[in-house]
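Below, each chain spelled out in residue letters.
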Amino acid sequence: MRDLVRNALRMRPDRIIVGEVRGGEALDMLQAMNTGHDGSLSTAHANSARHALWRLETMALMSDVELPVAHVRAQVASAIDVVVHTARLRDGRRVVFQIAVVDGLDEAGDPIVTEVFGFRPRVGRHGAFVCAGTTPLIVRLLRERGAQLEDAVFTPGLDEAEAG
């Protein structure tokens, strides 16, 4: 997989899509994402959006390149803008459980992960996907690039107490 990612970079692609990262190729993918390949994506197995970043960090450290943890953590926070976490519910349904954004590093050097939308399984009859009420910083960049995003998208419309 690492060879495929490296060879793909030689072809000067606009986007890089890696089906699933499981090891050291995570470092190559992060480096590619940090060299102007905006819109690239990949999948990884993790328990939450925050755990996905920790897993990427761990997998990148599994590469044959010796890098300090702080450097890898900074690469993860710089490369990843949005994490979409899916989950299987107890009834067998698969849902988008959380959409979170990564807004750099905090003072301690940890990624700042902010939930934008989340699934609440106990809301309503079948659960509900609700807005957290946070407008992510990336919205400004998307609007500058021509995306039509209404502010109402990021306004909570479902009160959990009312839906119950």
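Please refer to the structure placed before this passage.
Residues numbered from 1 in each chain as written. Predicted model: local features only at pLDDT ≥ 70, side-chain atom pairs only at ≥ 80, totals over all residues. Heavy atoms only, no water.

Peer 1: Any chance you could explain the packing of helix α2 (residues 25–33) against helix α3 (residues 49–61) here in plain terms?
Peer 2: The angle between the axes and the distance between the axes are what describe a pair of packed helices. Two numbers describe how α2 lies on α3: the axes approach to 6 Å, and their chain directions differ by 110°. Our classification of the angle between α2 and α3 gives roughly perpendicular. Contacts between α2 and α3 pair A26, L27, M29 and L30 from the former with L56, M59 and A60 from the latter. Residues belonging to the contact of α2 with α3 are distributed by class as follows: 7 nonpolar, no polar and no charged. (Axes fitted to C-alpha atoms, helices over the stretch in contact; angles between N-to-C directions. Helix = DSSP H or I, 4+ residues; strand = E, 2+ residues; numbered from the N terminus. Parallel < 35°, antiparallel > 145°, perpendicular 65-115°, else oblique. Contact = heavy atoms within 4.5 Å. Nonpolar A, V, L, I, M, F, W, Y, C, P; charged D, E, K, R; others polar.)

Peer 1: Can you walk me through the pairing of strand β5 (residues 111–120) in this structure?
Peer 2: Two strands pair when backbone bridges link them, and strand β4 (residues 94–105) and β5 are joined in this way by 6 bridges, in the antiparallel orientation. Paired with Q98 across the bridge in β5 is G118. Between β4 and β5, which pair antiparallel in sequence order, lie 5 residues; one of them, G109, sits at a positive phi of approximately 90°. (Pairing = 2+ DSSP bridges.)

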